[in-house]
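Observations on chain architecture
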Amino acid sequence: MQRSRNSFVSLHSHDGHNLDAFYCAVEKKEVGLIVIHEIFGLTSFVKEICEYWARKGYQTIAPALYDRYEKNVVIPYDDDGYIKALNYKQKVLNWDKQLLDIDAAKKYLLENGVKKIGIIGFSWGGTLGWLAACRLSGIDCVSSYYGTHIFQFKDEMPKCPVLLQFAERDELVPKEHVERIQRQHDSLIIHTYPAGHGFRCNRWRAYDANASAIADVRAETFFRQKLSCEKLS
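A brief look at the structure comes next.

So, how was this worked out
- All residue numbers refer to position in the chain's written sequence, counted from 1.
- The model is predicted, so local features are restricted to residues of pLDDT at least 70 and side-chain atom pairs to those at 80 or more, both for listing and for counting; the totals for chains, interfaces and linings are taken over all residues.
- Side-chain metrics rest on all non-hydrogen atoms present in the structure, leaving aside hydrogens and water.
- Detection works on a 1 Å grid of protein atoms alone, calling trapped sets that fit a 1.4 Å probe cavities and calling open sets with protein on both sides within 12 Å along at least five of seven lines pockets, with lining residues defined by an atom within 4 Å of a point.
- Grid points are joined across faces, edges and corners, and a volume is the space filled by probe spheres set on the points.
- A run of DSSP states H or I qualifies as a helix once it reaches four residues; a run of E qualifies as a strand once it reaches two. Both are numbered from the N-terminal end.
- All residues other than Ala, Val, Leu, Ile, Met, Phe, Trp, Tyr, Cys, Pro, Asp, Glu, Lys and Arg, Gly among them, are scored as polar; the first ten of these are nonpolar and the last four charged.
- To sort residues, take the accessible area from a 1.4 Å probe on protein chains only and compare it with the maximum for the residue type: under 20% means buried, over 50% means exposed, and anything in between is partly exposed.
- Whether two strands pair depends on DSSP finding at least two bridges between them.
- Note on handedness: a crossover is taken as right-handed if, strands pointing away from the viewer, the path from the first strand over the helix to the second is clockwise.
- By convention in these notes, a salt bridge is any Lys or Arg side-chain nitrogen within 4 Å of a carboxyl oxygen on Asp or Glu.

**Quick look at the layout of surface pockets**
Taken as a whole, the largest pocket encloses approximately 230 Å³ of empty space. For the largest pocket, the lining is made up of 18 residues, of which Ile39, Tyr82, Ser123, Leu172 and His197 are closest to its centre. Broken down by element, the lining of the largest pocket gets its largest block of residues, three residues, from helix H2 (residues 79–92). For the lining of the largest pocket, the residue count by class is 10 nonpolar, five polar and three charged. Of the pockets and cavities examined, the second largest pocket occupies roughly 150 Å³. Residue lining of the second largest pocket: 13 residues in total, with Glu48, Ile49, Tyr52, Arg200 and Asn202 positioned closest to the centre. Secondary structure elements with two or more residues in the lining of the second largest pocket: helix H1 (44–54) and helix H6 (209–226). If one sorts the elements of the lining of the second largest pocket by residue count, H1 sits on top with five residues. Broken down by class, the residue content of the lining of the second largest pocket amounts to six nonpolar, two polar and five charged.

This is the structure we're talking about:
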């Protein structure tokens, strides 16, 4: 198991924007993951996800995508927080700008010795992972957990392998949308779970430990295959 050194770092997007990111450095530097947060911001859950994958030997970095609107945004995982988070997302939402910030995280990993880069995203971040696979260069694979708006961008074509994991009781992503995405992209790997939206987040009411464990194993297998890295845990 790898030991990581965790810190906040500064990223610089191509349009001149500066943003923070949570970064976990590990001794093995050849593979890295960009972790894309949900609408609640760069929360303790997102940091734990970075640390989880760092222990498996990946350099990980989570860009703070709300920095374009306000610094240090962390929103509680409760009903009031959910409403607040939706409002924040609408204020900052600009898919192209968010992709610039993700690209800045990619650049940071490359500058720190990473040769292959994957993305893991949750909900809003899951959609951004899909868009990164379709629009950015230099991304080797993407694992998306319950990407909320992927259906909106289903006509776009990924440039790299993509793993999509959805919830079968997701009030935000209808079953019909998942089936349409699969029909349109028959090479995609798609798994579904008898759970609700947000099942991977242990702070959220829909958290499902069993579905989370299975989904993480599948993501790890996917990353190991697509990034050609050995299992280190």
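What follows picks up the thread again.
**Observations concerning the pairing of strand S7 (residues 162–169)**
The element S7 is largely enclosed, with a buried count of six among its eight residues. Two elements, strand S6 (residues 141–145) and S7, share four bridges in a ladder whose sense is parallel. Note on S7: the bridge partner recorded for Tyr145 is Gln165. For the crossover from S7 across helix H5 (residues 175–184) to strand S8 (residues 189–196), the handedness is right-handed.

**Some thoughts on the pattern of salt bridges**
As enumerated under the stated definition, the model contains 13 salt bridges in all. Measuring nitrogen to oxygen at the nearest pair gives 3.7 Å for the salt bridge that ties Asp20 to Lys71. Of the two residues, Asp20 is situated in strand S2 (residues 18–26) and Lys71 in the loop between strand S4 (59–63) and H2; the sequence distance between them amounts to 51 residues. For Asp20, a relative accessible area of 23% puts it in the partly exposed group. Its relative accessible area of 37% is what places Lys71 among the partly exposed residues.

**Focus: the environment of Arg180**
Along the chain, Arg180 falls in helix H5. Sequence separation between Arg180 and Cys141 is 39 residues; the distance between their C-alpha atoms is 21 Å.

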